[in-house]
Amino acid sequence: IDREAQLPQEILDEAWDLGLFGMIIPQEYGGAGLSMAAYCRVIAELTPYDAATAITVGAHQSIGIKGLLRFGTDEQKKKYLPDLSAGKKIGAYGLTEPGAGSDAASVKSTAVLDPSGEFYVLNGSKQWITNAGIADLFTVFAQTLVEVKGQKENRITAFIITRDMAGFSTGKDEDKMGIRGSHTNPMKFESVKVPKENVLGEAGGGFKVALEILNEGRLGIAAGCVGVSHRLIALAATFAKEREQFGKPIGRFELIKEKFADMATSTFIAESMVSLTAGLADRKIKDFALESAACKIYASEALWQNVNHALQIYGGNGYMREY
C-alpha cells in the first residue's frame, strides 16, 4: 500500500462490510454507536497493520463527520448519516489553509449570504485535507459576516459541503513520504452556492465547532500511536529472543533490556492518557482540549522514540525492506 501509494478498493470495501466506517455513528442511523473509548481501542488495533487504512477510517469519523454528529440538526443527520454509516460515502474535514492550521481563527475562505437569504456563496481554498480525493461530504469552515452587539463582524461558520456542488473541486494527491495509501488533497471553492440549511451549528459559531472536533481527532491519532508502539514491542521482543551475539540472545544484554523498559514505560503512559481522556469524552466533559492535545504530543513523540529503539534492536536488519 505504502510503496504503490494506493489503498486497494477491496480493502475499503471490506472495511465498510466490517462496519469500520460507522463505528461512532448512532445505531438509529445504521452505525455501531461505539463510545470514544471503544473507538480508540479499534483504531489502536487497526493502525499497526496499515496506518493509511486507519487514517482513512479515522479521518472520516473523528473529524470528517464529527461536526455533523455533535452539532447537526435532526434533519441534517437523517439526510446524511445513513449513507455515511453504510452507504459507502466518506467524510472529510476542511479547516487547514496556507495560513491557518491549528490557528483556526486565521481562516481566509469566505461565505457571503446571498441577498435572497437562501444560500451562501463560498470562495477560497484548503490544503492537506485527508480523504478529500475520495470524500463525498465535507465539513468546511469559512468567514461570514454576522451581527455582534449591533455591529457586523467576520466570524467563522461551519458548513456541510457535498462533492456535487458546482464550483467545488479537489486537486491531485499530495506525494507524501509516509501513509501514502491515504488521500491528501487540496480543495478549491469558486462561487459555490451552499444552501442556508447546510450551516452546521449556528452562523458565526464555527470556531467552537472546529475546536471541539479537533479535540477528539487528536485523541484518535494518539490511540493509533499506542497501537503501533505495542506492535513494535512485540516484533522487537521476538527478534531479541532469536538473535544471538557473543553466545547468547541479545535480549539478555542490559542495553537491550533498557530499550524495552523505555518502550514499555512510554507505551503504558500513552495508553493510560488515552484511556483517561476517552473517558472524559464519554462522560461528556465539556473541555478536555488540554488532555487531548497532551495525548497527541506525548503518544506521537513516544512512538518516534519506540521506532528508534526497535530499529536499534534489529540492527542492520531494521533498515532492510524485508523486515
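Our structure is the block above this text.
Residues numbered from 1 in each chain as written. Predicted model: local features only at pLDDT ≥ 70, side-chain atom pairs only at ≥ 80, totals over all residues. Heavy atoms only, no water.

### Side note on the overall build of the chain
Argument step 1. Per the secondary structure count, the chain includes eight helices and ten strands.
Argument step 2. For the chain, the C-alpha radius of gyration of 22 Å lies close to 20 Å, the compact-globule estimate for 323 residues.
Argument step 3. With the C-alpha coordinates aligned to their principal axes, the bounding extent of the chain is approximately 85 × 40 × 40 Å.
Argument step 4. The burial tally for the chain puts 46% of its 323 residues in the buried class.
Argument step 5. Nonlocal contacts in the chain, meaning residues at least 24 apart in sequence, comprise 70% of its contacts between residues at least 6 apart.
Argument step 6. Averaging the coordinates of the 35 positive side-chain charges in the chain and doing the same for the 39 negative ones gives two points 3 Å apart. (Helix = DSSP H or I, 4+ residues; strand = E, 2+ residues; numbered from the N terminus. Rg over C-alpha atoms; globule rule 2.2 N^0.38 Å. Buried < 20%, exposed > 50% of the residue type's maximum accessible area, 1.4 Å probe, protein only. Contact = heavy atoms within 4.5 Å. Lys, Arg positive; Asp, Glu negative; His and termini not counted. Charge placed at Lys NZ, Arg CZ, Asp CG, Glu CD.)

### Section: the packing of helix α6 (residues 206-242) against helix α8 (residues 289-314)
Argument step 1. Two numbers describe how α6 lies on α8: the axes approach to 8 Å, and their chain directions differ by 20°. Between α6 and α8, the interaxial angle falls into the category roughly parallel. When you trace α6 past α8, the crossing you get is left-handed.
Argument step 2. Of the residues that constitute the contact of α6 with α8, the class distribution is 20 nonpolar, five polar and three charged. (Axes fitted to C-alpha atoms, helices over the stretch in contact; angles between N-to-C directions. Parallel < 35°, antiparallel > 145°, perpendicular 65-115°, else oblique. Left-handed = near helix turned anticlockwise from the far one by under 90°. Nonpolar A, V, L, I, M, F, W, Y, C, P; charged D, E, K, R; others polar.)

### So, the pairing of strand β5 (residues 151-162)
Within a regular beta strand, the side chains point alternately toward one face of the sheet and then the other, so they alternate between its two faces.
Argument step 1. Relative to β5, strand β4 (residues 137-148) is paired through twelve bridges, and the arrangement is antiparallel. Pairing of Val148 across the sheet is with Gln151, part of β5. (Pairing = 2+ DSSP bridges.)

### Quick word on the nonpolar core
Argument step 1. If you look at the biggest cluster of nonpolar residues, it comprises 86 residues, and the most contacted ones within it are Leu122, Phe138, Phe141, Ile161 and Ile313.
Argument step 2. Looking at which element gives the most residues to this core, the answer is α6, with 14 residues.
Argument step 3. Not counting chain neighbours up to four residues away, the residues in contact with Leu122 comprise Thr110, Ala111, Val140, Ala142, Ile161, Phe189, Glu190, Ser191, Val192 and Val194. (Core = buried A, V, L, I, M, F, W, Y, C linked by side-chain atoms within 4.5 Å.)

### Quick look at the packing of helix α7 (residues 254-282) against α8
Argument step 1. One way to put it is that α7 packs onto α8 with a least axis distance of 9 Å and a crossing angle of 160°. In terms of orientation, α7 lies roughly antiparallel with respect to α8. Considering the relative orientation of α7 and α8, their crossing is left-handed.
Argument step 2. Looking at the contact of α7 with α8, its residues break down into 15 nonpolar, seven polar and three charged.

### Regarding the pattern of salt bridges
Argument step 1. Scanning the model with the defined rule gives nine salt bridges in all.
Argument step 2. When the shortest N-O distance is used, the salt bridge between Asp175 and Arg180 registers 2.7 Å.
Argument step 3. For Asp175, a relative accessible area of 65% gives the class exposed.
Argument step 4. Across the pair Lys188 and Glu190 runs a salt bridge, and its minimum N-O distance is 3.7 Å.
Argument step 5. Exposure remark for Lys188: the relative accessible area of 42% places this residue in the partly exposed category.
Argument step 6. On the accessibility criterion, Glu190 (45% relative accessible area) is partly exposed.
Argument step 7. Overlapping salt bridges bring together Lys66, Arg70, Glu212 and Glu216 as one network. (Salt bridge = Lys/Arg side-chain N within 4 Å of Asp/Glu carboxyl O.)

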